[in-house]
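Structural overview for review
Chain by chain, the residues run as shown.
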Amino acid sequence: MGSNTNTYKLIALDMDGTLLTEDKVISAENREAIAAAMEAGKTVIMSTGRGVQSAMPYVNELGLTTPIVAVNGGEVWEAPGKLLSRQLLAADTVRSLHAIAQKYDVWWWAYAVEGVFNRESESMDIDAKHWLKFGYYTENLEKLKQIRETVESWGTLEITNSHPCNIELNPSGISKASGIEAVCKLLGISMSEVIAMGDSENDITMIRAAGLGVAMGNAQEEVKRIADITTVTNEEHGVAKVIHEYMLKP
């Protein structure tokens, strides 16, 4: 889109591997750049695979009152505490996904409106919860491949990852891109006015759909391949670099 910084009105940030360092903190450099972007009238939003509960401490730390795209687009918040939309996974689907985790004996976790559950959650009542996202984690890539092929064969789920050793599942058509599109509609801006930054497969939809799609220096290869640009890593304050270069330069 050229280097006119007035083009971009909103920056959508993935959290883990992007905004956050490996120690899960926001660097001073990133924090200052975000403050400067807000000062300049730009909108900064989180677009994360995390549930809103685990995103909120960072949102509060930055003083953001803007929309939030959580659980890979499964929830869109108009502002902290104000839900715009929520797309649930059916309890039967979660039951089937849970059975697969048991069959392959892999770590699993799931976000529900009621909280986060995982392999250590004993006797959870699947029907009593409102499910948003299901995930698997294993360093056994053969098992991961078999699980992925199984859920792909159903044709009913959006399948991504947030790390090379995991799989994340949302209802079909629900993604960070669908979440950001809803935010754009709310704010009266277009996707061409958005910068989206991420490092994993669950960031691909938003990086593709944004006016400027940015892969982190530490991103998975596939993400770098489809991004408009690749910046430095999350340890090198890539978010600050992109804000200064594409949002704040006169």
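Here, every reference points to the structure presented above.
The present account deals with the structure reproduced in this document. (Residues numbered from 1 in each chain as written. Predicted model: local features only at pLDDT ≥ 70, side-chain atom pairs only at ≥ 80, totals over all residues. Heavy atoms only, no water.)

Turning our eyes to something else, we now look at the overall build of the chain. Helix and strand counts for the chain come out as 9 helices and 13 strands. With the principal axes as the frame, the chain shows a C-alpha extent of 55 × 35 × 30 Å. Of the accessible surface of the chain, which amounts to about 10800 Å², a share of 49% is contributed by carbon and sulfur atoms. Within the chain, one finds 22 positive and 34 negative side-chain charges whose respective centroids are separated by 3 Å. (Helix = DSSP H or I, 4+ residues; strand = E, 2+ residues; numbered from the N terminus. Areas by Shrake-Rupley, 256 points an atom, 1.4 Å probe, with all protein chains shown as cover. Lys, Arg positive; Asp, Glu negative; His and termini not counted. Charge placed at Lys NZ, Arg CZ, Asp CG, Glu CD.)

An order of S5-S4-S3-S2-S1-S11-S12-S13 is seen for the 8 strands of this open sheet, with the pairing classed as mixed. Each edge of the sheet is formed by a strand with only one pairing partner; in this case those strands are strand S5 (82-86) and strand S13 (229-230). The pairing of strand S4 (residues 75-79) with S5 spans 4 bridges and is classified as antiparallel. The residue of S5 that forms the bridge with Trp 77 is Leu 83. Each of strand S2 (43-47), strand S3 (68-70) and S4 is contacted by helix H3 (residues 52-62), which is oriented at about 155° to S3, the strand it contacts most. Set on the sheet, helix H9 (residues 238-248) makes contact with strand S1 (10-13), strand S11 (194-198), strand S12 (212-215) and S13; between it and S11 the angle comes to about 160°. (Pairing = 2+ DSSP bridges. Contact = heavy atoms within 4.5 Å. Axes fitted to C-alpha atoms, helices over the stretch in contact; angles between N-to-C directions.)

For Ile 204, the position within the fold is in helix H7 (residues 204-209). By relative accessible area, which is 8% here, Ile 204 ends up buried. Along the sequence, Ile 204 and Ile 68 sit 136 residues apart, while their C-alpha atoms lie 18 Å from each other. Contact partners of Ile 204, with chain neighbours within four places excluded, come to Glu 222, Val 223 and Ile 226. (Buried < 20%, exposed > 50% of the residue type's maximum accessible area, 1.4 Å probe, protein only.)

Attention shifts here to the sheet that holds strand S8 (residues 131-137). One open sheet holds the 5 strands; their spatial order is S7-S6-S8-S10-S9, and the pairing between them is antiparallel. The two strands at the open ends of the sheet, each matched to only one other strand, are strand S7 (115-118) and strand S9 (157-160). Adjacent strand axes in the sheet meet at a mean angle of 20°, parallel and antiparallel pairs treated alike. Where S9 and strand S10 (residues 166-171) come together, 4 bridges link them in antiparallel fashion. Residue pairing for S10: Glu 158 is matched across the bridge by Asn 170. Along the sheet, helix H5 (residues 141-154) contacts S8, S9 and S10; its crossing angle with S9, the most-contacted strand, is approximately 155°.

On to empty space enclosed by the protein, then. Under the definition given, this model contains 1 cavity of 30 Å³ or more. Considered as a void within the structure, the largest cavity measures approximately 60 Å³ in volume. Those elements that provide at least two residues to the lining of the largest cavity are S9 and S10. For the lining of the largest cavity, the per-class residue count stands at 1 nonpolar, 6 polar and 3 charged. (1 Å grid on protein atoms, 1.4 Å probe; cavity = no way out; pocket = protein on both sides within 12 Å on 5 of 7 lines; lining within 4 Å. Points joined across faces, edges and corners; volume = space filled by probe spheres on them. Nonpolar A, V, L, I, M, F, W, Y, C, P; charged D, E, K, R; others polar.)

So, on to the nonpolar core. Grouped together as the largest cluster of nonpolar side chains are 43 residues, with contacts concentrated most on Ile 11, Leu 19, Ile 34, Ile 195 and Met 197. The element that contributes the greatest number of residues to this core is H3, accounting for 6 residues. With sequence-adjacent residues up to four places away left out, Ile 11 is seen in contact with Thr 43, Val 44, Ile 45, Ile 195, Met 197, Val 242, Ile 243 and Met 247. Counting 23 residues, the second largest nonpolar core, distinct from the first, contains Val 94, Tyr 104, Trp 108 and Ile 147. (Core = buried A, V, L, I, M, F, W, Y, C linked by side-chain atoms within 4.5 Å.)

Applying the stated rule across the entire model yields 3 aromatic pairs. On the numbers, 5.4 Å between centres and 65° between planes, the contact of Phe 117 with Trp 131 is edge-to-face. Of this pair, Phe 117 sits in strand S7 while Trp 131 sits in strand S8, and the two are 14 residues apart along the sequence. This pair shows no difference in class: Phe 117 is buried, exactly as Trp 131 is. Through successive ring pairs, a cluster of aromatic residues spans Trp 108, Phe 134 and Tyr 136. (Phe/Tyr/Trp six-rings, centres within 6.5 Å; stacked < 30°, edge-to-face > 60°.)

Function cannot be inferred from these measures alone, as they are strictly geometric.
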